[in-house]
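Here is how the chains run, residue by residue.
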Amino acid sequence: MKELDLIVPNPTGLHARPAKVFVKTAKQFKADIRVKHGSKKVNAKSVISVLTLGVEMGGTISIVADGPDEDEALAVLKDAVETGLGDDLSVGHAPAPKPEKAKTNGQVDAAPAPASAPPPPVAKQTPALSGDKIVRAIPAAAGIAIGPLHQFKHAEITIEETAADPETEKSRLEKAIDAARTELEGVLEQVKKQLSGSESEIFEAHLEILDDPELKEAAVDNINNGQSAGHGWQAAVESVASTMAALKDETLAARAVDFRDVGNRVLRALSGGGQAGPELPDHSVILIANDLTPSDTVALNPGQVLGFCTAIGGANGHTAILARAMGIPAMVGAGEDIFNLENGVMAILNGDTGTLTISPDEEALAKAKGIQEEHEARNAAELAAAKEPAITKDDHRVEVVANIGDVKEARKAMDFGAEGVGLLRTEFLFLERDKAPTEDEQFEVYRDILLAQEGQPVIARTLDVGGDKPLAYLPVDEEENPFLGQRGIRLCLARPELLRTQLRALLRASSYGRLRIMFPMITTFEDWTAAKRMVAEIQNELRMGPVELGIMIEVPAAALLAPAFAREVDFFSIGTNDLTQYTLAMDRTNPALSEQADGLNPAVLSLIDRTVKASHSAGKWTGVCGELAANPIAVPILVGLGVDELSCSVPAIPAVKAQVRTLARSTAEHLAAQALACATATEVRRTVESLL
Ligand code: PEP
Ligand code: MG
């Protein structure tokens, strides 16, 4: 028997996704593996058990392995935990600010917006509405809903407590789990089709819960002790759900609803199946519910459900995540008082501020309608004009392109007016797998993305992983400072076969569209020379023509050497997320630094300025593909600094284009000059706000 202590580095602790990866990794080994945390010790091959440990960021776990492959198991698990268990530790997911718990009067004062929700653009913030009776809760999904309230309640499922024949009950449970699995697979397919983000993972996790060995074992034990299938299953689920709900960590506690959701799905199947959600009236409503499950939420018709307010739940719960993805205004954690609200009563729900105004007076209604119409009109106008170019008032064009990770996003980007892809994060193809994708697999994806872009330029960034992003099949030696270690191009140059395969796939696909290739984390000139040489060798092998090659400016050294690089590269793309981290020496994943690690810091702006000037002097161009490209305060500065291309997430494209159209380049240049002369990011912000 061997034991090993490890620290969990994930910003949100050992939550659903890393727990799933951890368990999947543990399951590869024959050894019996247990995880200890505090006074608890659980089976490492059960997602549920691992989740109930409630390990938070920086928490220590001990892994105990006992069996023929115990050494290997510990080594692989160590590597997996240290590299983030599938979480992208580099994208700066600070843990969401903890929302205040509901107060005893059932009301909650305004809580901070969830970290996982996109920050609302400055110009679009909605003022709080006044009115007679206001329920306050945690804002969960932006937007305003005006309509009658409707209490949303599931019909009670009656379950017999005991049953005579355990064997019959076990087989009933088996069948109900199978039926629930088929249903869930259907939901998963529907979610994948309708929502473009990672929301489908919620239902993948539900499938895991359904098949968890410990949960089933507990239910079977209950049945063997004389309980009915339904009672035995519910007791097993409830025991896990209440343990989860009691966890200190808000994100993990919010997962209790997922267990109950899966539990109820099986209970419904046991009681003869049927409709997942309760009937709704035939008109539009604002729903009032205790806590909508993810299954309830995904089944809502946004045309009919104008918004919802729940008694419990947090901003990080899956219900809130789904509401944001579906565009349904929502607030959560309002407390039990909301059950006293009557069906049919008119209300205004403001998902930006987390307020529900009951029976609003004429004035409040008119104000809410005005804001709602303004929101809708602006969004509609921005979307309608999304395919028009982004040209400033004084005729200067800025290209607005998309940051994407897969073919689906490449297609969606077209509808949102992307003029190409400014950053294809190819690492998404390599993550969450047991081995690297083959050249042919990669070729097909790159080809499909190029085809989806119908001749528009696509900038593929070569594999950007390293000590901070996990690739289970690519163990990296332990590093004291992974962000300063084998990352991005450094790692690829240290494992040239990986880069060669990717470059072959990219170059083969290049005949299907307008491919550009760029290298991440270039620091020294030698990095660039080695990467460029490899491309030339492969072009020779494949007898392919040249493609445009660029580098990311993410490290101050690259910005400082920009004049030298500009002589050789075709373009620069500034990764402001990393450039900020490295310029300010502030780890982008450290929540304690998230406010100060601000890309608007004049030091970062000054490096952007230097890069743009160097590229233009050499007749080349510069794009920005970090988060700053869609920041409404940063956009005028970037345009003023002469940035030629802004690359941002797909949904942000219409608004960025619209903002560029409101600017005059001359004003933006003046603004940029003033921003460069500021001493702090706060001053930069104030300057922009006062001049726009
Ligand atoms: C960046 O660093 O700004 C960037 C776009 O790359 P990533 O966020 O993927 O590191
Ligand atoms: Mg980066």
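As a reminder, the structure under discussion sits directly above these lines.
Residues numbered from 1 in each chain as written. Chains lettered and ligands numbered in written order. Predicted model: local features only at pLDDT ≥ 70, side-chain atom pairs only at ≥ 80, totals over all residues. Heavy atoms only, no water.

S.K.: Which parts of the structure should I look at to understand the overall build of the protein chain?
M.R.: The number of helices and strands found in the protein chain is 25 helices and 21 strands. Per-residue burial over the protein chain gives 55% buried out of 692 residues. Accessible area of the protein chain: about 28,700 Å², with a carbon and sulfur share of 51%. (Helix = DSSP H or I, 4+ residues; strand = E, 2+ residues; numbered from the N terminus. Buried < 20%, exposed > 50% of the residue type's maximum accessible area, 1.4 Å probe, protein only. Areas by Shrake-Rupley, 256 points an atom, 1.4 Å probe, with all protein chains shown as cover.)

S.K.: Where do I start with the coordination of the magnesium ion (ligand 2) in this structure?
M.R.: Working reference: metal with six octahedral donors, ideal angles 90 or 180 degrees; metal with four tetrahedral donors, ideal angle 109.5 degrees. Distances from the magnesium ion (ligand 2) to its protein donors, E554 (OE) and D578 (OD), fall within 2.0 Å. Note that E554 is positioned in the loop between strand 18 (548-553) and helix 18 (556-560) and D578 in helix 20 (residues 576-584), a separation of 24 residues in sequence. Residue classification places D578 among the buried positions, given a relative accessible area of 2%. (Donors = N, O, S within 2.8 Å, 3.2 Å for Na, K, Ca; no water.)

S.K.: Quick question: what am I supposed to make of the site of ligand 1 here?
M.R.: Near ligand 1 lie 13 residues; those nearest to it are R461, E554, G575, N577 and R588. Residue R461 places a side-chain N or O atom 2.8 Å away from an oxygen atom belonging to ligand 1. Within the backbone of G575, a nitrogen or oxygen atom sits 3.4 Å from an oxygen atom of ligand 1. Of all the secondary structure elements, the ones that give two or more residues to the shell around ligand 1 are strand 15 (421-425) and helix 20. (Near = heavy atom within 4 Å. Polar contact = N/O pair within 3.5 Å; in protein donor to acceptor, adjacent residues only side chain to side chain.)

S.K.: Looking at this model, I keep getting lost on the sheet that holds strand 6 (residues 138-141). Mind explaining?
M.R.: Each strand in a sheet pairs with its neighbour through backbone hydrogen bonds, running either in the same direction (parallel) or in the opposite one (antiparallel). Strands sit in the order 5-12-11-7-8-9-10-6 across an open sheet of 8 strands; the sheet is mixed. Of all the strands in the sheet, just strand 5 (133-136) and strand 6 have a single pairing partner and so form its edges. The sheet shows a mean angle of 30° between the axes of neighbouring strands, direction not considered. Here strand 7 (residues 144-151) pairs with strand 8 (residues 285-289) via 3 bridges, running parallel. Note that in strand 8 the partner of Q151 across the bridge is I288. Packing against the sheet, helix 11 (residues 318-326) makes contact with strand 6, strand 9 (305-310) and strand 10 (330-332), and its axis sits at approximately 50° to strand 6. (Pairing = 2+ DSSP bridges. Axes fitted to C-alpha atoms, helices over the stretch in contact; angles between N-to-C directions. Contact = heavy atoms within 4.5 Å.)

S.K.: In this structure, what is going on with the packing of aromatic side chains? I would like to understand it.
M.R.: Working definition: an aromatic ring pair is given by the centre-to-centre distance plus the angle between the planes. Evaluated as defined, the whole model comprises 4 aromatic pairs. Centroid distance F525 to F565: 5.0 Å. Interplanar angle 25°. Geometry classified as stacked. In this pair, F525 is assigned in helix 17 (residues 525-542) and F565 in helix 19 (residues 562-566), connecting sequence segments 40 residues apart. Take F525: its relative accessible area is 25%, and that puts it in the partly exposed class. Judged by relative accessible area, which is 0%, F565 ranks as buried. One residue, R508, lies across the ring of F443, its end atom 4.4 Å from the ring centre. (Phe/Tyr/Trp six-rings, centres within 6.5 Å; stacked < 30°, edge-to-face > 60°. Lys NZ or Arg CZ within 6 Å of the ring centre and 35° of its normal.)

S.K.: Where do I start with the packing of helix 22 (residues 634-641) against helix 24 (residues 665-676) in this structure?
M.R.: How two helices sit against one another is set out by the angle between their axes and by the gap between those axes. Contact geometry for helix 22 and helix 24: axes closest at 7 Å, N-to-C directions at 100°. Our classification of the angle between helix 22 and helix 24 gives roughly perpendicular. Packed against helix 22, whose contacting residues are P636, I637, V639, G640 and L641, the element helix 24 presents A668, E669, L671, A672, A675 and L676 at the interface. Residues of the contact of helix 22 with helix 24, tallied by class, amount to 9 nonpolar, 1 polar and 1 charged. (Parallel < 35°, antiparallel > 145°, perpendicular 65-115°, else oblique. Nonpolar A, V, L, I, M, F, W, Y, C, P; charged D, E, K, R; others polar.)

S.K.: Explanation requested: the pairing of strand 17 (residues 514-519) in the structure shown.
M.R.: Strand 17 sits mainly inside the fold: 5 of its 6 residues count as buried. Note: strand 16 (residues 457-461) against strand 17, 5 bridges, orientation parallel. Directly across from V458, in strand 17, lies its bridge partner L515. Where strand 17 and strand 18 come together, 4 bridges link them in parallel fashion. Note on strand 18: the bridge partner recorded for R516 is E548.

S.K.: Would you take a moment to explain the pattern of salt bridges for this structure?
M.R.: Where side chains of opposite charge bring their charged atoms close, a pairing between them can arise. All chains considered together, the criterion is met by 31 salt bridges. Between E537 and R500 there is a salt bridge whose closest N-O contact spans 3.5 Å. Of the two residues, E537 sits in helix 17 while R500 sits in helix 16 (residues 496-509), which places them 37 residues apart along the sequence. Taken together, the shared-partner salt bridges in this structure form one network comprising E439, D440, R500, R504, R508, E537 and E541. (Salt bridge = Lys/Arg side-chain N within 4 Å of Asp/Glu carboxyl O.)

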